[in-house]
Amino acid sequence: MGNKVKKIGLMTSGGDAPGMNAAIRAVVRACTYYKVECVGIYRGFQGMIEGDFEPLTARHVSNIINRGGTILKTDRSKEFRTKEGRKKAYDQLKNAEIDALVLIGGDGTFNGGIVFNSEYNFPCIGIPGTIDNDIFGTNYTIGYDTALNTIVEVIDKIRDTASSHNRLFFVEVMGRDAGFIALNAGVGAGAEEILIPEENLGLERLLESLKRSKRSGKSSSIVVVAEGDKIGKNVFELADYVEENLPQYEVRVSVLGHMQRGGAPSCFDRVLASRLGVRAVELLLDGKTNLMVGLINNKVETIELKKAVKGRHEIDKELLRVSDIMSI
């Protein structure tokens with residue numbers, strides 16, 4: 001690893017995700033191991049523009065592997081989308097003698113890194129951190145597994161009250177553009193129906209499915225809805241429509257919201273973050289740039305940042321088929 005990189009900047013950006021702190025810890029400790037300085041950049045690209053930097057050592061990241069959120073904070077910077085903003089960020093990095101960047105986040109974060117690299121030839125490596133699992137080039141993003149476990153635990157509790165009162169619950173989960181959370185959590189929680197943006201179930205088919213559930217003797221049902229599902233304008237209108245057309249059901253809505261992003265990361269996310277963090281540092285020390293590290297078939301692999309952003313992470317058709325069978 002005979003490269004000129006002496007100081008690596010580290011930031012988290014976009015939506016927070018459980019396991020980001022574990023990734024921060026991995027990057028900092030890998031830097032310490034390879035005798036490279038590490039500088040934490042607070043509040044994402046906005047903090048980069050403002051020079052909100054702090055040197056990080058192995059001791060700074062003690063006891064954070066189990067914490068949700070991100071100790072480096074996060075922000076969505078409008079100023080960084082301008083050339084003037086990026087010039088300020090570049091000047092701050094050069095003044096701090098930072099040679100390369102590790103960016104933890106999603107496609108917005110990676111797009112920022114791509115533009116920054118094209119303008120200033122600044123080495124960047126991306127680590128996918130988002131609960132949505134919608135980044136191409138990795139089977140899993142950091143935070144996804146934890147979010148699934150959180151959602152399944154909550155739905156289990158909702159089912160208790162649904163069964164007690166013979167109610168139909170619509171449970172909205174995150175996933176504005178992708179249904180990975182809804183599909184996997186729905187199967188894991190035993191939902192009767194799962195509504196996702198990728199598959200337009202249609203109102204009539206949904207009603208028919210719920211009628212079938214009723215005829216089969218089910219006294220309560222859970223429908224998991226991704227927030228980006230296109231059947232209704234929103235989950236509340238969808239619930240009203242079903243209640244009007246199926247008066248035998250007492251319908252309730254539960255929007256899980258930001259609780260899905262919180263909590264201690266699962267063991268899987270901690271291990272994933274550790275593996276990706278170490279590899280990100282090693283890539284920079286090997287002179288690599290514009291890559292994202294990901295996990296494919298349990299092996300740490302790399303993909304160009306552009307491909308990670310532009311590629312389409314397809315929904316699992318096999319799991320869709322399984323969900324249909326399970327809803328009988």
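Residues numbered from 1 in each chain as written. Predicted model: local features only at pLDDT ≥ 70, side-chain atom pairs only at ≥ 80, totals over all residues. Heavy atoms only, no water.

> How should I be thinking about the sheet that holds strand E11 (residues 299–304) in this particular structure?
Paired through their backbone hydrogen bonds, the strands of a sheet run either parallel or antiparallel. The 7 strands lie next to each other as E3-E2-E1-E4-E5-E10-E11, forming an open sheet whose pairing is mixed. The sheet is open, and its two borders are formed by strand E3 (53–56) and E11, each paired with just one other strand. The average undirected angle you get between the axes of adjacent strands in this sheet is 30 degrees. Pairing between strand E4 (residues 100–105) and strand E5 (residues 124–128): 5 bridges, direction parallel. Paired with leucine 101 across the strands is cysteine 124, a residue of E5. With respect to the sheet, helix H9 (residues 267–285) is in contact with strand E1 (7–12), E4, E5, strand E10 (291–296) and E11, its orientation differing from that of E10 by roughly 140 degrees. (Pairing = 2+ DSSP bridges. Helix = DSSP H or I, 4+ residues; strand = E, 2+ residues; numbered from the N terminus. Axes fitted to C-alpha atoms, helices over the stretch in contact; angles between N-to-C directions. Contact = heavy atoms within 4.5 Å.)

> I would appreciate a short explanation of the packing of aromatic side chains in the present structure.
Two measures describe an aromatic ring pair: the distance that separates the ring centres and the angle between the ring planes. The tally for this structure, following the rule as stated, stands at 9 aromatic pairs. Considering the side-chain rings of tyrosine 90 and tyrosine 120, the 4.3 Å spacing of their centres and the 10 degrees angle between planes classify their relative orientation as stacked. With tyrosine 90 in helix H3 (residues 83–95) and tyrosine 120 in helix H4 (residues 107–120), this residue pair connects regions lying 30 residues apart in the sequence. Measuring from ring centre to ring centre gives 5.6 Å for phenylalanine 116 and phenylalanine 122, while their planes differ by 50 degrees; the resulting arrangement is tilted. Here phenylalanine 116 and phenylalanine 122 have matching classes, each one buried. An aromatic cluster of three or more residues is present, and its members are Phe45, Phe80, Tyr90, Phe116, Tyr120 and Phe122. (Phe/Tyr/Trp six-rings, centres within 6.5 Å; stacked < 30°, edge-to-face > 60°. Buried < 20%, exposed > 50% of the residue type's maximum accessible area, 1.4 Å probe, protein only.)

> Can you walk me through the nonpolar core in this structure?
Nonpolar side chains in soluble globular proteins tend to be buried together. Counting 67 residues, the largest nonpolar core has Leu10, Ile24, Val102, Ile127 and Ile222 as the members making the most contacts within it. Counting residues per element, this core draws most heavily on helix H5 (residues 144–165), at 9 residues. Discounting chain neighbours no more than four positions away, the residues touching isoleucine 127 are Val27, Val102, Leu103, Ile104, Gly105, Phe110, Ile142, Leu276, Gly277, Ala280 and Val293. (Core = buried A, V, L, I, M, F, W, Y, C linked by side-chain atoms within 4.5 Å.)

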